[in-house]
Amino acid sequence: MEVFFMRWFFLIPFILTSCGSEPISQPFLAKPLKAKNKKIFAGRLTFSGLSEEELSAFRVIPEKGKALIQPENRHYPQVDGFWWKGAEKGEWFKIPGSSAAWIGKGEAPFKFTELVEQNGLQVHIRSNVLVKFVGAVGNGVRKPGWVKDEGETKSPVPSPWAVLVE
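A quick note: this is a predicted structure, and the numbers were derived from the prediction, not measured. (Residues numbered from 1 in each chain as written. Predicted model: local features only at pLDDT ≥ 70, side-chain atom pairs only at ≥ 80, totals over all residues. Heavy atoms only, no water.)

Engineer: Just to check I follow, could you spell out the pattern of salt bridges for this structure?
Structural biologist: The full count for this structure, using the stated rule, is 5 salt bridges. With a closest N to O distance of 3.1 Å, Lys105 and Glu54 form a salt bridge. Linking Lys105 in the loop between strand E5 (100–104) and strand E6 (114–118) with Glu54 in helix H4 (residues 52–55), this pair joins segments that are 51 residues apart in sequence. The class of Lys105 is partly exposed, set by a relative accessible area of 49%. Since its relative accessible area comes to 30%, Glu54 is described here as partly exposed. Here Asp80 and Lys94 are joined by a salt bridge, their closest N and O atoms 2.4 Å apart. Of this pair, Asp80 sits in strand E3 (residues 75–84) while Lys94 sits in strand E4 (residues 91–94), and the two are 14 residues apart along the sequence. As far as the burial class goes, Asp80 and Lys94 line up, both buried. (Salt bridge = Lys/Arg side-chain N within 4 Å of Asp/Glu carboxyl O. Helix = DSSP H or I, 4+ residues; strand = E, 2+ residues; numbered from the N terminus. Buried < 20%, exposed > 50% of the residue type's maximum accessible area, 1.4 Å probe, protein only.)

Engineer: Help me understand unusual backbone geometry, please; the structure alone is not making it clear to me.
Structural biologist: A negative phi holds for most residues other than glycine; trans holds for most peptide bonds. Positioned with a positive phi, Ser98 is a non-glycine residue whose angle comes to about 65°. Within the secondary structure, Ser98 sits in the loop between E4 and E5. Given the relative accessible area of 17%, Ser98 is considered buried. If you check the backbone angles, Asn119 has positive phi at about 45° while not being a glycine. Mapped onto the fold, Asn119 is located in the loop between E6 and strand E7 (121–126).

Engineer: Teacher, can you tell me more about the pairing of E5 here?
Structural biologist: For a regular strand, side-chain orientation follows a simple rule: the groups alternate between the two sheet faces. Most of E5 is tucked away, with 4 of its 5 residues classed as buried. Across 5 bridges, strand E1 (residues 43–48) lies against E5 in parallel orientation. Bridge pairing in E5 links Thr46 to Trp102. Pairing geometry for E5 and E7, over 3 bridges, is antiparallel. (Pairing = 2+ DSSP bridges.)

Below, the structure written as structure tokens:
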């Protein structure tokens, strides 16, 4: 009986790869990943109730792409973080994958569990336990927060205020 089971166990990968691995037989697998080009575990950012003047002090760093985004009061589902004009010199706010940040007036939604403050800016955050663990093991970013723009935490898009800060 064990020999019979072992034979079938080793055949399963061959059966799975031979049946329907062609794009024609499984069109639903061939298109979505390439068409959307989105990262599954990206950071998320929401601005809520800020004036145009307040929003002008921020630039959203997209997860993909090389151009900063001038934010509006809305949700951004694919971000690496943001630059803030009032931040400490050479720092940006990193939002690791599966984490989220909320910047707004009033109370943050109940799902945000922590508050990070700098120079009067309050950023409500939440992070996945797995992100905290992986960050701790790999000496990486454990949760959303301010990071130095150097080394492994260098922003993929430079600060729009770098010239003004120096």
